[in-house]
Amino acid sequence: GSVLLYLRPRRFGKSLWLSTLENYYDVNKADDFERLFGHLAIGQNPTPLHNKYLIMRWNFSAVDPGGDYDDIRRSLYDHLNACIISFARRYRNLLPEEIGISYDNALFSLASAMSAVQGSPYRLYLLIDEYDNFANEVMTASTERYEALVRGEGVLKTVFKAVKDGAGGLGIERIFITGVSPIVMSDVTSAFNIAENIYLKRPFSTLCGFTKEEVAEVLHRVVVTCGYSQAEEEEALQMMRTFYNGYCFYPKSPLVYNPTLALYFLKWFQEECEYPRQMLDSNLAMDRKRLSYAAALPHGGQLILDALSESEPVMVNELSDRFGVQDMLEVGEDTSRIASLLYYLGVLTLEGEAPTGELVLRIPNLVVRGLYAEQIRHLLLPQRGIHEVGQQAARTLYVEGDIAPLCEFIEERIFPVMSNRDYRWANELTVKTAFLSLLFNDILYVMDSEPELGRGYADLTMIIRPDMRRFEILDVLIEFKYLSLDALGLTGDEVRNMSRDELRSLPAVDEKLAEARAQLTKYRSLLEAKYGDALRLHTYAVVSLGFERLVWEEV
């Protein structure tokens, strides 16, 4: 295709890919072709069009999304003019006429550039990086300002209309566009309906992202430099796999690592010969804002709770590739577009295909799971300062082994919120999610929800990171059980007015505690066999009585 659209989550190497295209096709880089590509398959078997184009490159992440519509329009025009001026300087010896620049109307400047190209023996290859970057920022801040950009004679729509006209025989022969989601393209589609979407096609599933073999090869070089053993190398690889691997962009295609996260870890490891304390690179911190936007959409909060709790699979018939902002706001009971958005943002990824044919989505790795836990904390505890109290209670658990403050906090602060919201499920997974949102700590722990232990699944494990065992903290394993008020034959008022000892003596509660004790005994032996004497495991059984009270015991 001559007009291609390729989407991937932020920080996945899209800009580097455009740089590759630029260096391969730029007529000015012909003398560097052998140096840049000669050692690669594409250099040893070059295509006929290498080094045949004039390259113009735009990067919409450089556009300031702040201010009103006129401010954004000015920033976009300034960026386009700067790119066109740079283009004119680079190719002034190849163009037959001077390119005129209008600082008030960058579309005039673009038309002048295309006219100059038409008079030359060359054609233009336009590379647009992060096409939806500033528009996404505007969208999360103000739907009205966003609509002004993409509707009617909005400036973003008119820019893409001009590009489409240029591709219709006015000098632009090829276009490659990168971005995060298809929302903006959908909203300007009447002005730009010529792009071929290649982001959901099998051959491009690993175009951006590192495979496990690539990560293992580079990690081996770092480990050798640090003088680590093979066992320590495998431990480091397991850390990277747990925190950064797991992205899948086509059913059954290889999993890939987020390159920014992988390089962040590798660079730190190479320089310090130890793991980074904070596993989430600050370059991805702004993904929190994207997740917050999705949570605020109709049924978005429920979908995020579903994904973290794993109460049931997140499934879609197909990944939506054409949906605009209004489609997101008018989803009704169908959350497939929100799930698709989370996929494009990189906070959900493909798990596989359900027996009934739907696509199954999951959280890709532990770093992203931490973003979900943080978002759910904000959903359940929106008041300032309250979640710090909960995190202090969590610290009491993993430092002192006392789970009581955490259980009491959840009972007093989170259960009233859950009781007042229309959550469609109420079981031990709901309670587990509440605990996980407060306990999640990837600085000290490898946090896992329902890790496979033998043929069973433990509800929540907190295993100390290998590099953090020097601290006086505990490994934690919690098994959750749930009893509805109907199963107890009691009302909410009756349960709230009973003492903890009275609740513990109820036959149904005693039975659930016994079940949890049996499971914990089994899981403890499996974990001890895996981690040996290094394990400092404390195990707890927690029974939730509706969303009213908790009963617990250390096992």
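Structural data are supplied above this passage.
Residues numbered from 1 in each chain as written. Predicted model: local features only at pLDDT ≥ 70, side-chain atom pairs only at ≥ 80, totals over all residues. Heavy atoms only, no water.

**Some details on the packing of helix α10 (residues 212–226) against helix α12 (residues 259–272)**
The geometry of α10 relative to α12 is characterised by a closest axis approach of 9 Å and an angle of 15° between their N-to-C directions. As the angle between them shows, α10 and α12 are arranged roughly parallel. The two elements α10 and α12 cross, and the hand of that crossing is left-handed. From α10, V218, L219, V222, V223 and C226 reach across to α12, where they touch L266, F269 and Q270. In terms of residue class, the contact of α10 with α12 is made up of seven nonpolar, one polar and no charged. (Axes fitted to C-alpha atoms, helices over the stretch in contact; angles between N-to-C directions. Helix = DSSP H or I, 4+ residues; strand = E, 2+ residues; numbered from the N terminus. Parallel < 35°, antiparallel > 145°, perpendicular 65-115°, else oblique. Left-handed = near helix turned anticlockwise from the far one by under 90°. Contact = heavy atoms within 4.5 Å. Nonpolar A, V, L, I, M, F, W, Y, C, P; charged D, E, K, R; others polar.)

**Comments concerning unusual backbone geometry**
Of note, E130 is a non-glycine position whose phi angle comes to about 50°, a positive value. Along the polypeptide, E130 turns up in the loop between β3 (123–129) and α6 (133–141). E130 sits in the buried class, given a relative accessible area of 12%. (Buried < 20%, exposed > 50% of the residue type's maximum accessible area, 1.4 Å probe, protein only.)

**Side note on α12**
Taking 1.5 Å per residue, 14 residues should reach 20 Å; α12 reaches 20 Å between its end C-alpha atoms and fits that length. Among the residues of α12, those classed as buried are P259, T260, L261, A262, Y264, F265, L266 and F269. Buried residues belonging to α12 abut α10, α11 (230–244) and α17 (366–380). The backbone nitrogen of T260 has a side-chain oxygen 2.9 Å away, supplied by the residue at the start of α12, namely N258. (Expected span 1.5 Å × (residues − 1). Polar contact = N/O pair within 3.5 Å; in protein donor to acceptor, adjacent residues only side chain to side chain.)

**So, the sheet that holds strand β8 (residues 359–362)**
Reading across from one edge, β6-β8-β7 is the order of the three strands in this open sheet, with antiparallel pairing throughout. Looking at the sheet topology across the chains shown, the edges are occupied by β6 (314–316) and β7 (349–353). Strand-to-strand twist in this sheet, taken as the mean axis angle between neighbours without regard to direction, amounts to 40°. The pairing of β7 with β8 spans four bridges and is classified as antiparallel. Within the sheet, the bridge partner assigned to T349 lies in β8 and is R362. Across the sheet, helix α16 (residues 336–345) touches β6, β7 and β8, and the angle it forms with β6 is around 105°. (Pairing = 2+ DSSP bridges.)

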